[in-house]
Amino acid sequence: MIPATTIDGLPGSPGVYLFKDSGSRIIYIGKARNIRDRVRSYFRDDVKDIKTRTLVETIHAVDFILTANEKEAFLLENNLIKQHAPKYNIDLKDDKSYISLKLTVNDEYPALFATRKIVDDGSLYFGPYPHARDVREILKLIERLYPVRKCKMTVFRKRKRPCMLYEVGKCPAPCVIPVDAAEYAGTIDDVRNFLSGRDEKVLKDIEGRIAKKVAAWDFEGAQELKERHQAIRSMMEKQHVHEHFGKNRDVWAFSEGTGRVSLVVLTFRRGVLLSRRLYKERFYGEDPEEMIMTFLFQYYNSRPIPDEIILSGEMDDSDVLETYLRERKRGAVKIMGPSHSGVRDMVRLAVENLHEPEILPLDESFRNTLRLKTAPRRVEIYDISHIGGQNPTGAFTVFQDFKPAKDQYRVFHIRSGETMDDVAMITEVLTRRVNNPDLGPLPDLFIIDGGKGQLAAAHRVLKGNNVEKDIISIAKGERRRRMEDIIYVPARKNPLALPRASAVFKEIVKMRDEAHRFAVASHRRWRRKENLK
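Asker: In this structure, what is going on with the overall build of the chain? I would like to understand it.
Answerer: Across its full length, the chain carries 17 helices and 18 strands. For the chain, the residues scored as buried account for 49% of the 533 residues in total. Of the roughly 27600 Å² of accessible surface on the chain, a fraction of 49% belongs to carbon and sulfur atoms.

Written as structure tokens, this is what we have:
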């Protein structure tokens, strides 16, 4: 049996869970939209199914692999069951493959149709999809959007007259009717972009056509286009776990604690995610990056070397490792950091898989995860709010034992006048704070809402005033459209990689959001007063 504390510490995210027996053998693999809730359901007292009770009595440990969404959990489950053939799984042990969409781009007039057979014939494959109904919905949508042929080549060559799809305007019938090859190729490019997830262009085109319909008072036509727009939106969820004829790659993520480093590697072979392995290593000294590089050198001394290695942080010695692995493999090896084009989602997935059930109190988890001097009891979070530099307002909120102490919140009106310089404003606010004992005792941990610039300025203020307290910052990523929260610590090149499902990360975001709410509300009150004057 698994302790309740272990189940409570599982992530509430989509993915695959793996039950193991006393000999650490995998005996059951399942998928879930919420791993914690799904695993907990096996251990309810009211479970009456004999097979489930027999399984539960055999479970001694549970492992998991997080995925970006539930669809990927379906596909990863399929791959893992075929690989491990667990004792209690009865489905998917045959060699049946999920259904995919095939675009025969090498044909003179390419076709699009569903298939379960993947052949390396130069065609493009999209998917796979866990349900045939998903494929049917996509094909229906494409029929409405793009007139391309659906028949296979054996049928295409024997056609003497157009089929019914031509009669209803869903195929140009290149089998018997002359079709402009350039125009058809443009349609195929649109289909490829749509199925590849590059459908922003498609959506913008539809939005323009909706506007024209509305301007012409054709509201029925506009409504039809709107429904098409919404249908495309619902299909925009992209697939990352399974990539036909993909590369062999390992994706690494690292998380540093007090005296230890957690490392996770996601192993992809031919584009298929096969496994997740978690390592915990102790290190001595102040440079965990050196320990990580040493670990990677030793790891690939006894294991196959993939085509690509993706790291969650930029490493100074990655070029040395790359040269060494090329010599060992006698072939091409590429090592990429998180800023490399096209690897962001894989890095994010690896970071999420760093999540471990948290058994320590929250303050101890903060100290270990963020490498703080002390376990924080009092935390202050700072934010700046202004509109175009007008009425700039600084504010800090206080959390005592991770509960808001609203009677200790404070507001600062920036004295340097209207400015757009957030770094200068955070410097002023923090300087006024540390030099005013009437504002209460200094916190164990300062949290700054901002990036590296704001953190560096705040850290200089603390050092200049001989304040030996911990400080971090949290900011949105460079691609703000993705709205990813990133945590920075002083004197560290890379952001701190924390799973979004971890209690520490969620608590930092919660406190930052409260500080932002208070700063914006204070700024609005001051602006209203000034406008009234």
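Asker: How should I be thinking about the sheet that holds strand 6 (residues 124–129) in this particular structure?
Answerer: Hydrogen bonds between backbone atoms are what pair the strands of a sheet, whose relative direction is either parallel or antiparallel. Pairing within the open sheet is antiparallel, and its three strands lie in the order 5-4-6. Each edge of the open sheet carries a strand with a single partner, namely strand 5 (112–115) and strand 6. Across the sheet, the mean angle separating the axes of adjacent strands is 25 degrees when strand polarity is ignored. Examined bridge by bridge, strand 4 (residues 99–103) and strand 5 share four bridges and lie antiparallel to one another. Looking across to strand 5, one finds that leucine 103 is bridged to leucine 112. Against the sheet, helix 5 (residues 132–145) touches strand 4, strand 5 and strand 6, its axis set at about 30 degrees to strand 4.

Asker: Just to check I follow, could you spell out the sheet that holds strand 1 (residues 15–20) for this structure?
Answerer: On the basis of which strands lie adjacent, the open sheet formed by three strands has the order 2-1-3 and antiparallel pairing. Every other strand in the sheet has two partners, leaving strand 2 (26–32) and strand 3 (61–66) as the edge strands with one partner each. Each strand of the sheet is rotated relative to its neighbour by a mean of 20 degrees, with strand direction disregarded. Here strand 1 pairs with strand 3 via six bridges, running antiparallel. In the strand pairing of strand 3, leucine 18 is matched with aspartate 63.

Asker: Looking at this model, I keep getting lost on the pattern of salt bridges. Mind explaining?
Answerer: Here the idea is simple: oppositely charged side chains can pair when their charged atoms come close. Taken as a whole and assessed by the stated rule, the structure comprises 26 salt bridges. Where arginine 25 meets aspartate 21, a salt bridge forms, and the shortest distance between an N and an O atom there is 3.2 Å. Classification of arginine 25 as exposed rests on a relative accessible area of 55%. As a salt-bridge pair, aspartate 63 and arginine 276 come within 2.8 Å of each other at their nearest N and O atoms. Taken as a pair, aspartate 63 in strand 3 and arginine 276 in strand 9 (residues 272–282) lie far apart in primary sequence, 213 residues in all. Assessed through its relative accessible area of 9%, arginine 276 is described here as buried.

Asker: I keep staring at unusual backbone geometry and nothing clicks. Help me out?
Answerer: Outside of glycine, negative phi angles account for most residues, and trans bonds account for most peptide bonds. A positive phi angle is found at arginine 371, which is not glycine, with a value near 55 degrees. In this structure arginine 371 comes out as partly exposed when scored by relative accessible area, which is 32%. Despite not being glycine, aspartate 401 has its phi angle at roughly 55 degrees, a positive value. Of note, aspartate 401 is situated in the loop between strand 13 (390–400) and strand 14 (403–404). What makes aspartate 401 partly exposed here is its relative accessible area of 35%.

Asker: Got a minute to help me understand the environment of aspartate 63 in this structure?
Answerer: For aspartate 63, a relative accessible area of 21% corresponds to the partly exposed category. Residues aspartate 63 and lysine 20, spaced 43 residues apart in sequence, show a C-alpha to C-alpha distance of 7.8 Å. Contacts of aspartate 63, omitting those with residues within four sequence positions, involve Val16, Tyr17, Leu18, Lys20 and Arg276.

Asker: Whenever I open this one, the nonpolar core confuses me. Can you help?
Answerer: A general tendency of soluble globular proteins is for nonpolar side chains to be buried together. Core analysis: the biggest nonpolar cluster contains 27 residues, and Leu101, Leu112, Ile142 and Leu195 have the highest contact counts within it. Going through the elements one at a time, strand 4, strand 6, helix 5, helix 8 (181–195), helix 9 (200–215) and helix 10 (219–234) are the ones with two or more residues in this core. Here the element with the most residues in this core is helix 5; it accounts for six residues. Excluding anything up to four places from it in sequence, leucine 101 contacts Leu112, Phe113, Ala114, Leu124, Tyr125, Phe126, Tyr129, Val135, Ile138, Leu139 and Leu195.

Asker: Is there a simple way to think about helix 8 in this case?
Answerer: Structurally, the α-helix is built with 3.6 residues per turn, so residues lying three or four positions apart point the same way. Under the 1.5 Å per step criterion, the end-to-end length of helix 8 is 21 Å for 15 residues, consistent within 8% with the ideal 21 Å. The opening residue of helix 8 is aspartate 180, an N-cap whose side-chain oxygen sits 3.0 Å from the backbone nitrogen of alanine 182.

Asker: Can you help me understand the environment of lysine 476 in this one?
Answerer: Summarising the element assignment, lysine 476 is placed in strand 17 (residues 470–476). In this structure, the C-alpha to C-alpha distance between lysine 476 and isoleucine 486, residues 10 residues apart in sequence, is 5.9 Å.

Asker: It is not clear to me how the packing of aromatic side chains should be interpreted in this structure. Could you clarify?
Answerer: Aromatic rings in a pair are described by how distant their centres are and how their planes are angled relative to each other. As enumerated under the stated definition, the model contains 21 aromatic pairs in all. Connected via pairs of aromatic rings, a cluster forms that spans Trp252, Tyr279, Phe295, Tyr299 and Tyr300. The cationic tip of arginine 149 hangs over the ring face of phenylalanine 156; the distance from NZ or CZ to the ring centre is 4.3 Å. For the cation-ring pair, arginine 276 lies above phenylalanine 64, with the distance from its terminal atom to the ring centre recorded as 4.5 Å.

Criteria and thresholds
Residues numbered from 1 in each chain as written. Predicted model: local features only at pLDDT ≥ 70, side-chain atom pairs only at ≥ 80, totals over all residues. Heavy atoms only, no water. Helix = DSSP H or I, 4+ residues; strand = E, 2+ residues; numbered from the N terminus. Buried < 20%, exposed > 50% of the residue type's maximum accessible area, 1.4 Å probe, protein only. Areas by Shrake-Rupley, 256 points an atom, 1.4 Å probe, with all protein chains shown as cover. Pairing = 2+ DSSP bridges. Axes fitted to C-alpha atoms, helices over the stretch in contact; angles between N-to-C directions. Contact = heavy atoms within 4.5 Å. Salt bridge = Lys/Arg side-chain N within 4 Å of Asp/Glu carboxyl O. Core = buried A, V, L, I, M, F, W, Y, C linked by side-chain atoms within 4.5 Å. Expected span 1.5 Å × (residues − 1). Polar contact = N/O pair within 3.5 Å; in protein donor to acceptor, adjacent residues only side chain to side chain. Phe/Tyr/Trp six-rings, centres within 6.5 Å; stacked < 30°, edge-to-face > 60°. Lys NZ or Arg CZ within 6 Å of the ring centre and 35° of its normal.

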